[in-house]
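Each chain is listed here by its residues.
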Amino acid sequence: MSRPRLRLGRHLLPGVIAIALFGVMASVFLTASIGDPAGFGDASVMESLGFALLDIANVEGTIPTEGFLAAFIIIALALDAALDGSIMLARREEGDETGVRADGGDMQGGDDE
């Protein structure tokens, strides 16, 4: 009966590098200091998100942010186009058939009925 043997070589290099990287990342995360939370004060986060989405600025009691009106309009147009496309694909005209019979024959072919 043979015993298991440890094979040392270059094939172990990726594992050693992964363990070293884990050690470096763990030491960085464990020694990092996090400041005290600042919060948003009396500002409403939900109102600030709505105002930022519609690009309304300088409203008192909100958090100053960038405007996202162009992104809002582009997303609305993309979703509208997707909805229109799905309706167009789902709609069936009267008398629209698939063109193939259940037995595999072609319906456009001829008079074989």
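Residues numbered from 1 in each chain as written. Predicted model: local features only at pLDDT ≥ 70, side-chain atom pairs only at ≥ 80, totals over all residues. Heavy atoms only, no water.

Draft legend 1. Spatial organisation of the overall build of the protein chain. Looking only at helices and strands, one finds 3 helices and 0 strands in the protein chain. Its helices and strands in sequence order give the protein chain the pattern α-α-α, from N to C terminus. Taken across its 113 residues, the protein chain has 4% of its residues classed as buried. By sequence separation, contacts in the protein chain at least 24 residues apart represent 0% of the contacts at least 6 residues apart. Surface summary for the protein chain: the accessible area is close to 10700 Å², and the carbon and sulfur share equals 63%. (Helix = DSSP H or I, 4+ residues; strand = E, 2+ residues; numbered from the N terminus. Buried < 20%, exposed > 50% of the residue type's maximum accessible area, 1.4 Å probe, protein only. Contact = heavy atoms within 4.5 Å. Areas by Shrake-Rupley, 256 points an atom, 1.4 Å probe, with all protein chains shown as cover.)

Draft legend 2. Looking closely at a nonpolar patch on the surface. On the surface, a nonpolar cluster with roughly 700 Å² of combined accessible area is contributed by Leu-53, Leu-54, Ile-56, Phe-68, Leu-69, Phe-72, Ile-73 and Leu-77. Broken down by element, the residue count for the nonpolar patch peaks at 4 residues, all from helix 3 (residues 69-90). For Leu-77, a relative accessible area of 56% puts it in the exposed group. (Patch = residues over 30% accessible without salt bridge, like charges linked within 9 Å, V, L, I, M, F, W, Y side chains within 5 Å. Salt bridge = Lys/Arg side-chain N within 4 Å of Asp/Glu carboxyl O.)

Draft legend 3. Structural view of the layout of surface pockets. Its boundaries defined by the atoms lining it, the largest pocket holds a volume of some 180 Å³. For the largest pocket, the lining is made up of 14 residues, of which Ile-56, Ala-57, Asn-58, Pro-64 and Thr-65 are closest to its centre. For the lining of the largest pocket, the per-class residue count stands at 7 nonpolar, 5 polar and 2 charged. (1 Å grid on protein atoms, 1.4 Å probe; cavity = no way out; pocket = protein on both sides within 12 Å on 5 of 7 lines; lining within 4 Å. Points joined across faces, edges and corners; volume = space filled by probe spheres on them. Nonpolar A, V, L, I, M, F, W, Y, C, P; charged D, E, K, R; others polar.)

Draft legend 4. Seen up close, the environment of Gly-50. Looking at the secondary structure, you find Gly-50 in helix 2 (residues 45-53). Separated by 17 residues in the primary sequence, Gly-50 and Gly-67 have C-alpha atoms spaced 10.0 Å apart.

Draft legend 5. Structural detail: the confidence of the model for the protein chain. Here the protein chain shows a mean pLDDT of 82. Residues at 70 or above account for 81%. When mean pLDDT is compared element by element in the protein chain, helix 1 (residues 13-31) scores highest at 96, while helix 2 scores lowest at 81. (pLDDT = per-residue confidence, 0-100.)

Draft legend 6. Summary view of the side chain of Ser-48. The topology assignment puts Ser-48 in helix 2. Residues within four places of Ser-48 in sequence aside, it is in contact with Thr-62, Ile-63 and Thr-65.

Draft legend 7. Spatial organisation of the environment of Leu-49. Tracing the chain through its elements places Leu-49 in helix 2. By relative accessible area, which is 54% here, Leu-49 ends up exposed. Residues Leu-49 and Glu-66 lie 17 residues apart in sequence; the distance between their C-alpha atoms is 9.9 Å.

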